[in-house]
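Commentary on secondary and tertiary structure
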Amino acid sequence: MPATLRIPAIAVAAALCAHAAAQDRPMHANLSPALLPMYRDLLTGGTGDLLIIGDSLTVRPGTFTYAIDDLLWEAHGIAGDGFRGIGQGFDADMRQGISAVGGNGYWQSGASGGREPYYGPYTLEGGFIELNPGGHRTYHVFGPHVRVYYVTQPGGGAFQVISGGKPLALVGTAGELGHGFVDVDLGGSGLDVRELTVRAAPGSEGPLVVSAFEMRTGAGGYMQHYAGRGGVGPEDFLTADRATFSSIVGSIDPDAVLIMLDWSGYDEPPGFRADIESLIERVHDGAPGARIVLLTHHPFKETIATQADTYLAIAEAGGHGYVNLYDLFDGREELEALGYFDDFVHLSPEGGRYVGGYLFDLFEAYGRAGVAADQNGDAELDHTDVLAFLESFTQRRASADLAAPEGVWDYSDVTAFLVSFGLASE
Ligand SMILES: [Ca+2]
Ligand SMILES: [Ca+2]
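Right, let's walk through the structure included here.

Analysis parameters
- Residues numbered from 1 in each chain as written.
- Chains lettered and ligands numbered in written order.
- Predicted model: local features only at pLDDT ≥ 70, side-chain atom pairs only at ≥ 80, totals over all residues.
- Helix = DSSP H or I, 4+ residues; strand = E, 2+ residues; numbered from the N terminus.
- Expected span 1.5 Å × (residues − 1).
- Buried ≥ 20, exposed ≤ 12 C-beta atoms within 10 Å, placed from the backbone.
- Arc of directions from axis to C-beta.
- Pairing = 2+ DSSP bridges.
- Contact = placed C-beta atoms within 7 Å.
- Axes fitted to C-alpha atoms, helices over the stretch in contact; angles between N-to-C directions.

Moving on, we get to helix α12 (residues 411-424). Between its first and last C-alpha atoms α12 spans 20 Å; for 14 residues at 1.5 Å apiece the expected length is 20 Å, and the two agree. Three or more residues of α12 are buried, namely D413, F417, S420, F421 and A424. Taken end-on, α12 shows its buried residues confined to a sector of 95°, consistent with a single buried face. Exposed residues lying more than 90 degrees from the buried face of α12 are Y411, T415 and G422.

Written as structure tokens, this is what we have:
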């Protein structure tokens, strides 16, 4: 055989090895257990809360998180626009953002910037606004129930929360360094845009720092909370004051937490795993029952492969959910050819809709399967659910009536249980 013909053979062998390596990395794992508490709430009229801890890829306008939000709202109802920081630079004039519409006498800090004293560690997103004496800032918010988060500190001043010309709350912020929040009811119902102003109280001279809003409709359904810091990895979130971070996460009380962070220029892969695991610990300090989903980035650079392997190892060790967007595409070239790149890192609106739709389909399949398979309702999936199903099936309980015809317990219900249990065990 001529030597020239052997080179392609070696190349083919190498390609097959690469393909085999990619095949070894699953597209997802442990999704049903990770989504079970959220889907149980969504399917029983409660509020399913997902907190997303990520970088710019999760908060930028048009990215996939907005598509997930729209699809889950449509499927399960709208519980609200959730938690959003007001100090960061991603306040797009669109539904899931908060639009700043006016004000004076304030200073705004994004997550990665700041001036002394830097209040970022006493917030969840790292950003905040500081009101000067007499200063104010007005926002468009969504839904009638708004929680306003602020920083407490020695000598802290007082601010008013105002909507429709009416002062709704007067809040003193003096105390130990930390955070606080106040709930205000803007009146009415539904999803209309409302104006909300935070204003330094007359005569207040002390420093005033406001960091975030959480917006609720008061109805059951899906609510997505954003903790996004542009261009950072987990280490940046670990700079947050631990008690503050845990307390804010606890106040959000998420059913599930989606983490999508890279090492982002400051760290090396060996430190990355420990940082992600520390971040998960801190989430559980505040919300012990929250389930974790580790979501890899799409392949905008080749080192995401290492991230995909690291996330998988963390997920397998901790029993966390895992979704691998790295192997969903063949690389930058495919993303570019599909028109899914905005700027060779971030997704275009088309790319956001595709990835959001892909994740929604996964969530629906594995979330619903988990709820159907958890026959004893303890939010764990194991062999005791098989026994519980058999008993409920024999006793003709509603929990075992999983397939049409309704009110009839037959082989189609058994099949439905086995399919759900099989999916949920993947
Ligand atoms: Ca169970
Ligand atoms: Ca049936």
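This part is about the environment of L43. With respect to the secondary-structure elements, L43 resides in helix α2 (residues 31-43). The class for L43 is partly exposed, based on 14 C-beta atoms found within 10 Å.

Turning our eyes to something else, we now look at the sheet that holds strand β14 (residues 256-260). Ordered by their spatial adjacency, seven strands build an open sheet running β1-β16-β15-β14-β2-β13-β3, and the pairing between neighbours is mixed. The sheet terminates laterally at β1 (28-29) and β3 (78-80), the two strands that pair on one side only. Bridge count for β3 against strand β13 (residues 221-228) is two bridges, and the pairing is parallel. Across the sheet, the residue bridging to I78 is Y222, located in β13. Against the sheet, α2 makes contact with β1, β2 (47-54), β13, β14, β15 (291-295) and β16 (321-323), and its axis sits at roughly 135° relative to β2, the strand it touches most. Strands β1, β15 and β16 of the sheet are contacted by helix α8 (residues 304-318), whose axis makes an angle of about 160° with β16.

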